[in-house]
Amino acid sequence: MRINKYLASIGIASRREVDRLIDKQEIFINKEIAKLGQELEPGDIIEVFDNEISFCLSEQIEKFYLAYNKPVGIISSCSNEPNNIIDAINFEHRVFPIGRLDKESRGLILLSNDGALCHKLTHPSFAHEKEYEVECQNDLSPEDLAKLGAGLEIEIENSRKLIEKVITQKAQIERINPKKFRIILKQGYKRQIRLMVKSLANRVIDLYRVRIDNVNLSRLNLPEGEYKRLKYEEFFA
């Protein structure tokens, strides 16, 4: 199946939009830049909107929705890397992580086989909330917290694997203790919070995601390293 037809069929984007993203070199297949009209093979790993999707010939009719309390050390990838999230969960059906949570971070990550849901939860235009508790190496001053909330210039790696400077959006910030704060973001650059704290000459020593929109770890009572099946409605309640 062609890449544009497949991504359109699971609701990621229209065929025309997929072709546009390929032209901009923003879609990868097995870590290589995708080509217009490229045919997919079973097991191919597609990267789009900072998500990995594993291609299979027959899409499952039943959709599955999982919330997982990821420990530190697990990679939020469906590739065959050691300690990947798919092996860690060992779910009986094919699912893929929605978005990412880096290896050094812990907390809530969602998984599904619903490509349309993946698009809704990860495309920047939908601006879904993600809440984190962040502990830093050094104390944070009131000025530091104000900068985190107002937006900072950071250097990110874009979809073409090039470094570019961006200004982060305004965020909700709440102090927990001198070294710890709570932040709610509506965007999600790779390692964004770590880069924001680094720009303040500080370092994150613990990053814990507690909520994605209406899915909240505290309400799920979900131990670390465990997952729970959810209903579609629970994502958008």
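Residues numbered from 1 in each chain as written. Predicted model: local features only at pLDDT ≥ 70, side-chain atom pairs only at ≥ 80, totals over all residues. Heavy atoms only, no water.

Student: Is there a simple way to explain helix 5 (residues 142–150) in this structure?
Tutor: For an α-helix the count is 3.6 residues per turn, leaving residues at separations of three or four pointing the same way. Turning to helix 5, its buried residues are D144, L145, L148 and G149. Projected down its long axis, helix 5 shows its buried positions confined to an angular sector of 130 degrees, all on one face. In this structure, helix 5 carries P142 and E143 as exposed residues pointing more than 90 degrees from its buried face. At the exit of helix 5 stands G151, carrying a positive phi of roughly 115 degrees. (Buried < 20%, exposed > 50% of the residue type's maximum accessible area, 1.4 Å probe, protein only. Helix = DSSP H or I, 4+ residues; strand = E, 2+ residues; numbered from the N terminus. Arc of directions from axis to C-beta.)

Student: So what exactly am I meant to see when it comes to the sheet that holds strand 4 (residues 51–54) here?
Tutor: By way of backbone hydrogen bonds, the strands of a sheet pair with one another, either parallel or antiparallel. Reading across from one edge, 2-1-3-4 is the order of the four strands in this open sheet, with antiparallel pairing throughout. Taken across any chain shown, the strands that pair with only one partner, and hence form the sheet edges, are strand 2 (32–33) and strand 4. As paired elements, strand 1 (residues 28–29) and strand 3 (residues 45–48) share two bridges and run antiparallel to each other. By the bridge assignment for strand 3, I29 is matched with I46. (Pairing = 2+ DSSP bridges.)

Student: Even after reading the chapter, I still don't get the packing of aromatic side chains, so can you show me in this structure?
Tutor: Working definition: an aromatic ring pair is given by the centre-to-centre distance plus the angle between the planes. Following the criterion strictly, the structure yields three aromatic pairs and no others. Relative to F91, the ring of F64 lies with its centre 5.4 Å away and its plane at 75 degrees, an arrangement referred to as edge-to-face. Here F64, found in the loop between strand 4 and strand 5 (65–70), pairs with F91, found in the loop between helix 3 (85–89) and strand 6 (96–98); they are 27 residues apart in sequence, far enough to count as distant. Accessibility classification places F64 together with F91 in one group, the buried group. (Phe/Tyr/Trp six-rings, centres within 6.5 Å; stacked < 30°, edge-to-face > 60°.)

Student: Looking at this model, I keep getting lost on the nonpolar core. Mind explaining?
Tutor: The nonpolar side chains of soluble globular proteins are, as a tendency, buried together. In this structure, L7 and I27 are the most contacted members of the largest nonpolar core, which totals 36 residues. Among all residues touching I27, those that are not within four sequence positions of it are L7, V18, L21, I22, E32, I33, A34, I46, E47 and V48. Among the nonpolar cores identified, the runner-up in size contains 31 residues, and I89, Y132, C136 and L207 belong to it. (Core = buried A, V, L, I, M, F, W, Y, C linked by side-chain atoms within 4.5 Å. Contact = heavy atoms within 4.5 Å.)

Student: Is there a simple way to think about the environment of V95 in this case?
Tutor: Relative to the helices and strands, V95 is located in the loop between helix 3 and strand 6. Taking relative accessible area as the criterion, V95 reaches 8% and is therefore assigned buried. V95 sits 29 residues away from L66 along the chain, and the two C-alpha atoms are 8.7 Å apart. If near-sequence neighbours (up to four positions away) are discounted, V95 is found in contact with F64, L66, I86, L111, S112 and N113.

Student: I would appreciate a short explanation of the pattern of salt bridges in the present structure.
Tutor: It is possible for side chains bearing opposite charge to pair when their charged atoms get close. Within this structure, the stated rule accounts for 16 salt bridges. A salt bridge links R211 to E129; its shortest N-O distance comes to 2.8 Å. One end of the pair, R211, is in strand 13 (residues 204–212); the other, E129, is in the loop between helix 4 (115–122) and strand 8 (130–136), and 82 residues separate them in sequence. For E129, a relative accessible area of 21% gives the class partly exposed. (Salt bridge = Lys/Arg side-chain N within 4 Å of Asp/Glu carboxyl O.)

Student: It is not clear to me how the side chain of R211 should be interpreted in this structure. Could you clarify?
Tutor: Take R211: its relative accessible area is 12%, and that puts it in the buried class. At a separation of 2.8 Å, a polar atom in the side chain of R211 contacts the side chain of E131. A distance of 2.9 Å separates a polar side-chain atom of R211 from the backbone oxygen of D213. Other than its neighbours up to four places away in sequence, R211 contacts L108, E129, K130, E131, I184 and N216. (Polar contact = N/O pair within 3.5 Å; in protein donor to acceptor, adjacent residues only side chain to side chain.)

Student: Teacher, can you tell me more about unusual backbone geometry here?
Tutor: Peptide bonds are trans in most cases, and residues, glycine excluded, mostly fall at negative phi. For Q25, which is not glycine, the phi dihedral falls at a positive 60 degrees. Positionally, Q25 belongs in the loop between helix 2 (15–23) and strand 1. The class for Q25 is partly exposed, based on a relative accessible area of 34%. The backbone of R191 shows a phi angle near 55 degrees, a positive value even though the residue is not glycine.

Distances and angles like these do not, on their own, reveal function.
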